[in-house]
Amino acid sequence: MNMKSQCVTCSEMKAIERMADAGGLSYYQMMENAGSAAAEYIMQIQEKCKVEIFCGKGNNGGDGFVVARKLSLAGYDVTVVLVEGPPKTIDAAVNFELLQKFPVTVIDINVTGARMKLLGENPQLMVDCIYGTGFRGPLRENGLQMAMYMNKNKILGTKIVSLDVPSGLEGDMRDIGEADPDAVRADVTIAFHAVKPVHCADNSEIFCGHMVVADIGIDIPGMVAEEPEEEAEEHELLAFEEPKAAATKDPEVPEANVGISKLNKLEEILNGYGSMIVALSGGVDSVFLLTFAHRLWRDDRVAALIAEGPFFPREETEYARRICDRLGISSKRINAEYVVDEVKQNPEDRCYYCKKEIMSSLRDMAFMTGSVPADGTNLDDMDDYRPGCRALEELHIASPLKEAGFTKNEIRNALRMIAEEDEAVAEALELAEFGGAVKIWDKPAAACLASRIPYGEEITRKKLNMIYESEKWLKDKGFTQVRVRCHELTSKAGEEPKLMARIELTPDAFAEFLSVKDEAERLMLKSGFSLVTLDIGGYERGKLNSSDRLPVEEEVVRGETDTERMAAIHREIDEFIRKADERDYSFEDFTEIIKRLRQPDGCPWDREQTHESLKKHMIEEVNETLDAIDEGDSRHLCEELGDVLLQVVLHAEIASEDGEFTIDDVIRKASSKMVRRHPHVFGNIKVDGLEDQLDLWEEIKKREKMMQ
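The structure reproduced in this document is the subject of the present report. (Residues numbered from 1 in each chain as written. Predicted model: local features only at pLDDT ≥ 70, side-chain atom pairs only at ≥ 80, totals over all residues. Heavy atoms only, no water.)

A few points about the sheet that holds strand 4 (residues 125-129)
- The strand order 3-2-1-4-5-6-7 describes an open sheet built from seven strands, whose pairing is parallel. Every interior strand has two partners, whereas the edge strands, strand 3 (105-108) and strand 7 (210-214), have only one. Taken pair by pair, the neighbouring strands of this sheet meet at an average axis angle of 20°, ignoring direction.
- Sheet analysis places strand 5 (residues 159-163) next to strand 6 (residues 188-192), joined by three bridges and oriented parallel. Bridge pairing in strand 6 places Ser162 opposite Thr189.
- Across the sheet, helix 2 (residues 27-45) is in contact with strand 4, strand 5, strand 6 and strand 7; its angle to strand 6 comes to roughly 150°. (Pairing = 2+ DSSP bridges. Helix = DSSP H or I, 4+ residues; strand = E, 2+ residues; numbered from the N terminus. Axes fitted to C-alpha atoms, helices over the stretch in contact; angles between N-to-C directions. Contact = heavy atoms within 4.5 Å.)

In structure tokens:
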């Protein structure tokens with residue numbers, strides 16, 4: 001690998017390749033050399049692992065076929081994804097034919113149902129070979145979907161290597177600010193023979209990551225390449241980071257059969273989707289939805305997304321994976337551990353932020369596969385405080401069980417009916433819990449482990465693990481409905497607060513618990529708790545939603561109970577919302593609102609934001625705007641454009657505080673650009689049709705560069 005290189009334009013590179021071919025170095029040999037060099041570099045920085053290689057229909061895809069062949073020979077688990085179908089160039093087609101002699105999985109995402117096969121084990125590495133230096137944006141259709149898929153997996157820990165140019169960038173681009181925001185964001189870009197202008201642009205590392213230049217055997221004396229405007233920097237070769245008794249029946253299980261009309265309604269809803277990806281937690285609701293869809297379609301039209309991390313009991317996620325394996329359903333796992341840091345302050349709407357992070361992955365995977373994202377929310381969920389439902393609405397996650405009118409009891413009974421009718425399904429849904437075998441329809445309700453920590457008390461990985469280990473021990477002893485609430489006790493300033501475990505069991509299990517209470521206390525004290533108690537009120541669903549403290553009696557404030565006080569607060573909030581919606585706002589009002597939020601006594605979240613922290617929010621808002629356009633929903637589009645505007649003004653306010661520029665500068669610069677690039681509108685220059693206008697646009701851009 002060459003660490004320094006001249007910069008050549010894409011047309012100059014094509015000329016160099018033509019001269020090399022005329023001199024005896026064939027295009028096929030250059031492709032072989034490029035793919036071999038890229039594979040050699042990958043093997044230096046990444047041990048044997050699961051790799052997905054995304055190949056376009058041109059020669060960049062051909063380079064990818066060579067990489068796939070070389071990595072397969074070296075023992076890597078390789079999957080090749082054909083983004084635009086089989087290759088169209090001769091050399092790439094030859095390499096694709098050769099590749100098929102190797103143990104490499106090939107997925108053509110243009111084949112019906114094939115995209116679901118991507119929802120398997122998370123790859124440690126992805127190689128982007130979709131588009132090369134000849135690409136002209138913006139990304140569309142399959143290219144856009146696969147770029148978004150790669151970028152989403154990068155957030156979840158997968159490393160990305162792009163060959164020559166990250167897909168979505170134009171090789172001759174000199175202003176990264178003009179790049180498609182959905183372009184692949186590589187950790188490393190391997191350029192062949194020489195860097196291109198986009199590699200030398202300011203802030204190119206946003207998309208290109210670390211630059212490496214591969215020698216592909218071209219040696220043409222006297223070939224003069226364009227020098228970059230500034231001295232070419234040294235591109236570093238940087239390695240990736242290493243990478244008991246039978247359970248008692250739950251009292252919620254119904255005795256009556258679920259109505260056939262609701263099952264028919266659910267079937268009608270799902271057939272309207274065509275295909276679906278289910279957020280699979282391992283709980284009764286999502287298992288029923290997945291199983292029903294599997295029996296309805298009996299093909300690849302249903303898949304699952306399984307979130308893992310400290311919020312979720314490991315037995316739940318393992319059970320979810322096992323169901324998919326037994327039924328032959330494609331599944332994708334995401335590591336949601338990073339969400340702990342997003343919600344560690346534990347606000348009352350914590351579930352909203354957590355759910356939005358995880359369901360964003362579900363939405364993106366559904367977009368990539370052309371499916372409907374869905375979860376197991378049912379009618380009974382509407383009776384509890386569920387801020388996560390707001391995230392489902394914002395992200396347009398479907399809840400077919402709620403839409404069909406299913407309650408929790410009806411879901412349990414329907415799942416039992418399915419298992420009794422289908423022996424294979426019954427076997428797939430088997431699970432062992434609470435020291436013995438449990439039928440899935442008898443499985444007690446589960447919830448995120450963070451729900452055991454009162455609002456306002458910090459969420460930490462340590463607390464979550466203590467809760468998990470304590471509940472697991474109790475379940476292994478045969479207790480079915482268990483919650484171990486974690487409460488902070490008073491402590492001295494600067495000291496870590498002591499923690500109390502408050503055990504919730506069903507009242508009929510109290511007597512049995514007394515026989516193991518000493519053992520339970522020893523285990524929980526050893527895990528980190530300072531005090532262990534039994535809540536004599538017993539288990540109650542959503543208990544911390546009604547009170548985040550520990551009063552034995554309802555606290556009385558100024559003659560009002562907590563419930564009355566909360567109702568008064570709700571009325572006050574409703575009145576505030578009504579007045580806010582009635583007011584007229586101008587653009588100046590909007591900028592003043594953002595400034596106010598950034599003040600020392602403003603909003604804590606807004607005050608903490610930086611350009612860097614807002615990047616993911618900008619991408620998210622733009623994607624949601626595109627969704628609104630695709631839906632043809634003008635009301636939704638209006639709302640999402642406002643969210644994009646919020647990001648623009650917030651960035652400008654941060655820059656203004658740093659003395660860099662203001663929102664007026666942004667408007668002035670954008671206005672100037674639009675006027676000077678439209679002399680046929682604002683000046684006297686004439687154009688004859690769209691083609692003339694586009695030529696004029698490009699000519700103006702060139703003149704602007706010369707005048708800078």
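Thoughts on helix 17 (residues 461-476)
- Between its first and last C-alpha, helix 17 extends 22 Å over 16 residues, near the 22 Å set by a 1.5 Å rise per residue.
- Regarding helix 17, the residues found buried are Lys463, Leu464, Met466, Ile467, Tyr468, Ser470, Glu471, Trp473, Leu474 and Lys475.
- At its buried positions, helix 17 is contacted by helix 10 (314-327), helix 11 (339-342), strand 14 (482-488), strand 15 (499-505), helix 18 (510-514) and helix 19 (517-527). (Expected span 1.5 Å × (residues − 1). Buried < 20%, exposed > 50% of the residue type's maximum accessible area, 1.4 Å probe, protein only.)

Examining the nonpolar core
- Residues Phe54, Met146, Ile277, Phe311, Leu474 and Met524 are the most contacted members of the largest nonpolar core, which totals 71 residues.
- It is helix 12 (residues 350-369) that contributes the most residues to this core, seven residues altogether.
- Phe54 has contacts with Val81, Val83, Met126, Val127, Asp128, Cys129, Ile130, Met146, Tyr149 and Met150, leaving out every residue within four places of it along the chain.
- If you look at the next biggest cluster of nonpolar residues, it comprises 44 residues, including Ala38, Tyr41, Val80 and Phe192. (Core = buried A, V, L, I, M, F, W, Y, C linked by side-chain atoms within 4.5 Å.)

Quick look at a negative patch on the surface
- On the surface, Asp688, Glu691, Asp692, Asp695 and Glu698 cluster together into a patch of negative charge.
- For Glu691, the location among the structural elements is in helix 28 (residues 689-707).
- The exposed category is assigned to Glu691, whose relative accessible area is 63%. (Patch = residues over 30% accessible without salt bridge, like charges linked within 9 Å, V, L, I, M, F, W, Y side chains within 5 Å. Areas by Shrake-Rupley, 256 points an atom, 1.4 Å probe, with all protein chains shown as cover. Salt bridge = Lys/Arg side-chain N within 4 Å of Asp/Glu carboxyl O. Lys, Arg positive; Asp, Glu negative; His and termini not counted. Charge placed at Lys NZ, Arg CZ, Asp CG, Glu CD.)

Digging into the packing of helix 22 (residues 587-597) against helix 25 (residues 634-657)
- Relative to each other, helix 22 and helix 25 sit at 60°, their axes nearing to 10 Å. Regarding the angle of helix 22 to helix 25, the classification is oblique. Crossing geometry of helix 22 relative to helix 25 is assigned as right-handed. Of the residues in helix 25, those in contact with Phe587, Phe590, Thr591, Ile594 and Lys595 of helix 22 are Leu645, Leu646, Val649, Leu650 and Glu653.
- Here the residues of the contact of helix 22 with helix 25 sort into seven nonpolar, one polar and two charged. (Parallel < 35°, antiparallel > 145°, perpendicular 65-115°, else oblique. Left-handed = near helix turned anticlockwise from the far one by under 90°. Nonpolar A, V, L, I, M, F, W, Y, C, P; charged D, E, K, R; others polar.)

Topic: the environment of Thr377
- Examined against the element boundaries, Thr377 turns out to sit in the loop between strand 11 (372-374) and helix 13 (388-394).
- Judged by relative accessible area, which is 8%, Thr377 ranks as buried.
- Along the backbone, Thr377 and Cys389 are twelve residues apart, and their C-alpha atoms lie at a distance of 8.4 Å.
- Beyond its immediate chain neighbours, meaning those up to four positions away, Thr377 contacts Met382, Leu392, Ser399, Leu401 and Lys402.
- A distance of 2.5 Å separates polar atoms of two side chains, one belonging to Thr377 and the other to Asp375. (Polar contact = N/O pair within 3.5 Å; in protein donor to acceptor, adjacent residues only side chain to side chain.)

A short note on the pairing of strand 4
- Within strand 4, five of the five residues are buried, which leaves the element mostly enclosed by the surrounding structure.
- Here strand 4 shows two buried faces, one formed by Leu125, Val127 and Cys129 and the other by Met126 and Asp128.
- The sheet contact formed by strand 1 (residues 50-55) and strand 4 spans five bridges and is parallel. Paired with Val51 across the strands is Leu125, a residue of strand 4.
- In this view, the connection linking strand 4 to its parallel neighbour strand 5 by way of helix 5 (residues 141-155) has right-handed handedness. (Right-handed = clockwise from strand over helix to strand, strands pointing away.)

Considering unusual backbone geometry
- Of note, the phi angle at Asp164 is positive, near 70°, even though the residue is not glycine.
- As for its position among the elements, Asp164 is in the loop between strand 5 and strand 6.

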